[in-house]
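Residue strings, one per chain:
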Amino acid sequence: MSIRKAPLTRKQSRNGTSKYVLERCASINEYYDIAFKVMLLGDSSVGKTCILLRFKDGAFVGGNFIATVGIDFRNKVVDVDNLKVKLQIWDTAGQERFRSVTHAYYRDAQALLLLYDITNKPSFDNIRAWLNEVHDYAQKDVVIMLLGNKSDMAAERVVKTEDGEKLAKEYGVPFMETSAKTGINVELAFLAIAKELKHRTTQQPNEPKFQLLDYIESQKHKTGCCSLV
Ligand SMILES: Nc1nc2c(ncn2[C@@H]2O[C@H](COP(=O)(O)OP(=O)(O)OP(=O)(O)O)[C@@H](O)[C@H]2O)c(=O)[nH]1
Ligand SMILES: [Mg+2]
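Residues numbered from 1 in each chain as written. Chains lettered and ligands numbered in written order. Predicted model: local features only at pLDDT ≥ 70, side-chain atom pairs only at ≥ 80, totals over all residues.

**Here we look at the site of ligand 1**
In the vicinity of ligand 1 lie 22 residues, with S44, G47, A67, T68 and G94 positioned nearest. Take the shell around ligand 1: its biggest share by element is three residues, from helix 1 (residues 48-57). Each residue belonging to the shell around ligand 1 can be placed in one class, and the counts come to seven nonpolar, 11 polar and four charged. (Near = placed C-beta within 6 Å. Helix = DSSP H or I, 4+ residues; strand = E, 2+ residues; numbered from the N terminus. Nonpolar A, V, L, I, M, F, W, Y, C, P; charged D, E, K, R; others polar.)

Structure, rendered in structure tokens:
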């Protein structure tokens, strides 16, 4: 399926300032007004592919672990304030040997979801190294969100929620615990990213700034699996 590119174009207005113009783009069966690239990052087996498939298809594709090779992507269109926002979500391989492949994609991403596994301490400890990579390869204004995945595995938990919160606060990024298995907070994470990116792009000078952290705090206790509207 081919999708027309460049849905958002910058046009020069009469007073010399540039403004974004939204153009409705169409493919055979997918309409969107505006598109963004989002990347999933984190150690191998933290659940990046499962989170993406949960968001895209609303199902948990568990069972045998099949590590991602290189990079893959899925598209999903979500509604944000009456606009159709297409998220092109890049699912990267967490294995070290694919690192040079994925570095090439950082520059194009407008948002990064950085995952660790709450049952795997090294995956949490490596978050600082991932943030260093982000610093080296991603755009300076990239939106970052930290996700502690596999929150359904309470009995095997080795990373406390407070530790995730503390790390996120240190880096000034939003944080949530998610589960690809139950779906908790998965839709919220992607929707919050879509809202932030949409507001950044279309915000008028006199419009109040969208508060991503406040939005997440207000929503995360309300929503369960796939219930966000
Ligand atoms: N219980 C539970 N298991 C999960 C969850 N997310 C993923 N898993 C399991 O964890 C394993 C790894 O999941 P993947 O999504 O393939 O991991 P990944 O981060 O994509 O790994 P790479 O592709 O190697 O980077 C699989 O066996 C999944 O079934 C979750 O939220 N809860
Ligand atoms: Mg994967």
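After presenting the structure, the write-up continues.
**As for the nonpolar core**
Residues L114, A189 and I193 are the most contacted members of the largest nonpolar core, which totals 52 residues. With nine residues, the single largest contributor to this core is helix 6 (residues 186-202). Apart from the residues lying within four places of it in its own chain, the contact partners of I193 are V38, A111, V143 and M145. (Core = buried A, V, L, I, M, F, W, Y, C linked by C-beta atoms within 7 Å. Buried ≥ 20, exposed ≤ 12 C-beta atoms within 10 Å, placed from the backbone. Contact = placed C-beta atoms within 7 Å.)

**Some remarks on the environment of N206**
Along the chain, N206 falls in the loop between helix 6 and helix 7 (212-220). For the pair formed by N206 and G42, sequence separation is 164 residues and the distance between their alpha carbons is 37 Å.

**Remarks on the packing of helix 1 against helix 6**
Where helix 1 contacts helix 6, the two axes come as close as 9 Å, and the packing angle between them is 80 degrees. Our classification of the angle between helix 1 and helix 6 gives roughly perpendicular. Each of I51, R54 and F55 in helix 1 lies in contact with helix 6, whose residues at this interface are V186, E187 and F190. Taken together, the residues of the contact of helix 1 with helix 6 sort by class into four nonpolar, no polar and two charged. (Axes fitted to C-alpha atoms, helices over the stretch in contact; angles between N-to-C directions. Parallel < 35°, antiparallel > 145°, perpendicular 65-115°, else oblique.)

**Structural notes on the sheet that holds strand 6 (residues 71-80)**
Across the sheet, which stays open at both edges, the six strands sit in the order 6-7-5-8-9-10 with mixed pairing between neighbours. If you trace the sheet from one side to the other, it starts and ends with strand 6 and strand 10 (175-177), each paired once. Direction aside, the axes of adjacent strands within the sheet are offset by 25 degrees on average. As paired strands, strand 5 (residues 34-41) and strand 7 (residues 83-92) are joined by seven bridges and run parallel to one another. Across the sheet, residue A35 finds its bridge partner in strand 7, namely K86. (Pairing = 2+ DSSP bridges.)

**Focus: the pairing of strand 9 (residues 143-149)**
Counting buried positions along strand 9 yields seven of seven residues, so the element is predominantly enclosed. Of the two faces of strand 9, the one carrying V143, M145, L147 and N149 and the one carrying I144, L146 and G148 are both buried. Judged from the seven bridges that link them, strand 8 (residues 111-117) and strand 9 form a sheet pairing that is parallel. Looking across to strand 9, one finds that A111 is bridged to V143. Both strand 9 and strand 10 contribute to a ladder of three bridges, which runs parallel. Along strand 10, the bridge assignment pairs G148 with E177. Tracing the backbone out of strand 9, into helix 5 (residues 161-171) and back to the parallel element strand 10 gives a crossover that is right-handed. (Right-handed = clockwise from strand over helix to strand, strands pointing away.)

**A look at unusual backbone geometry**
Backbone geometry at S45 places phi at a positive 80 degrees, although glycine is not the residue there. Residue placement: S45 occurs in the loop between strand 5 and helix 1. The partly exposed category is assigned to S45, around which 16 C-beta atoms lie within 10 Å. One non-glycine residue, N82, adopts positive backbone phi at about 65 degrees.

**Comments concerning the pairing of strand 6**
Two strands pair when backbone bridges link them, and strand 6 and strand 7 are joined in this way by 10 bridges, in the antiparallel orientation. Within the sheet, the bridge partner assigned to V80 lies in strand 7 and is L83.

**Quick look at the packing of helix 6 against helix 7**
Two elements in contact, helix 6 and helix 7, have axes whose closest approach is 10 Å; the angle formed by their N-to-C orientations is 150 degrees. Relative to helix 7, the element helix 6 lies roughly antiparallel. The handedness of the crossing between helix 6 and helix 7 is right-handed. When helix 6 is examined against helix 7, the residues L188, A192, K195 and E196 are found in contact with a partner set consisting of L212, Y215, I216, Q219 and K220. Classifying every residue of the contact of helix 6 with helix 7 by side-chain character gives five nonpolar, one polar and three charged. (Left-handed = near helix turned anticlockwise from the far one by under 90°.)

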